[in-house]
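For reference, the chains in residue letters:
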Amino acid sequence: MKIREAAIDDTENIKNVYLEAFDHSEAQMVSDFAINLLNENHPVKIISLVAIENNDMVGHIAFSPVYLTSTDKHFGYILAPLAVSPKFQKNKIGSSLVMHGLDIISNTGSFIVFVYGDPQYYSRFGFKTDLSKKYVPPYTLQFPEGWQVMNLNSAVLPEGGKITCVNSLNDPKLW
Ligand SMILES: CC(C)(COP(=O)(O)OP(=O)(O)OC[C@H]1O[C@@H](n2cnc3c(N)ncnc32)[C@H](O)[C@@H]1OP(=O)(O)O)[C@@H](O)C(=O)NCCC(=O)NCCS
């Protein structure tokens, strides 16, 4: 399995990964979100990675920059979305995508990464629910227990406050 940066040519394959992996009720919305992120121009790099197995696209992940409203400073990333094609799940592809993205972010000097998802899955990477409480997400969460944060490089975390995100994620339906 190989992980590489996503390109515009990957659009159809990325869409399909999400349409297959997510429940019907969410699949279209999450797939659109992944493609919007791939097309979004933003001053800070949006990280979009695909997993390839024998020339087939089997997984995708994205990380986009987040800001503290009080300072407008880029201070970290949020992991969203992530999916692995059902036939290829439970082969550590999801874990490899997460770890690969965290490595890239760590190398850019960013030190805080958010995720809004199942703590049972994300806690294995070091995401924590308690630390996240001082950071207010852009919209009211449907599942507040899924709001987690990870401190890369053991740096001192900045003061809390409200988070803002890139345009593609600036939609209450995604929260
Ligand atoms: C979540 C998902 C990306 C995991 O991908 P994957 O390649 O199967 O993950 P891995 O093989 O790296 O799984 C690692 C472990 O997580 C577990 N796991 C997988 N999905 C999980 C979930 N939703 N909740 C809790 N644990 C989960 C696996 O059982 C495995 O456990 P093990 O290490 O004890 O064997 C994949 O199941 C998926 O695409 N699901 C549908 C879309 C989705 O829910 N995306 C995440 C939105 S927040």
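Scroll up for the structure.
Throughout what follows, the structure given in this document is the object of discussion. This structure is a prediction, so every number in the text was calculated from the model and none was measured.

1. Some thoughts on the nonpolar core
With 23 residues, the main nonpolar core has I61, F63, L79, L97, L102 and F127 as its most contacted residues. Setting aside residues no more than four positions away along its own chain, L97 makes contact with I3, L49, V50, A51, G59, H60, I61, F63 and L82. I112, F114, I163 and V166 belong to the second largest nonpolar core, which has 22 residues in total.

2. What to know about the site of the ligand
Surrounding the ligand, one finds 18 residues, the nearest of these being V84, K90, K92, G94 and S95. I93 is positioned with one of its backbone polar atoms (N or O) 3.5 Å from an oxygen atom of the ligand. When isolated, the ligand has an accessible area of 880 Å², and the protein chains bury 70% of it. Mapping the ligand onto the cavity grids shows that it belongs to the largest pocket. Residue assignment for the shell around the ligand shows that the elements contributing at least two residues are β4 (74-84), α3 (93-108) and α4 (119-122). Of the residues belonging to the shell around the ligand, the class tally is 8 nonpolar, 6 polar and 4 charged.

Parameters and conventions
Residues numbered from 1 in each chain as written. Predicted model: local features only at pLDDT ≥ 70, side-chain atom pairs only at ≥ 80, totals over all residues. Heavy atoms only, no water. Core = buried A, V, L, I, M, F, W, Y, C linked by side-chain atoms within 4.5 Å. Buried < 20%, exposed > 50% of the residue type's maximum accessible area, 1.4 Å probe, protein only. Contact = heavy atoms within 4.5 Å. Near = heavy atom within 4 Å. Polar contact = N/O pair within 3.5 Å; in protein donor to acceptor, adjacent residues only side chain to side chain. Areas by Shrake-Rupley, 256 points an atom, 1.4 Å probe, with all protein chains shown as cover. 1 Å grid on protein atoms, 1.4 Å probe; cavity = no way out; pocket = protein on both sides within 12 Å on 5 of 7 lines; lining within 4 Å. Sits in = over half its atoms within 2 Å of the grid points. Helix = DSSP H or I, 4+ residues; strand = E, 2+ residues; numbered from the N terminus. Nonpolar A, V, L, I, M, F, W, Y, C, P; charged D, E, K, R; others polar.

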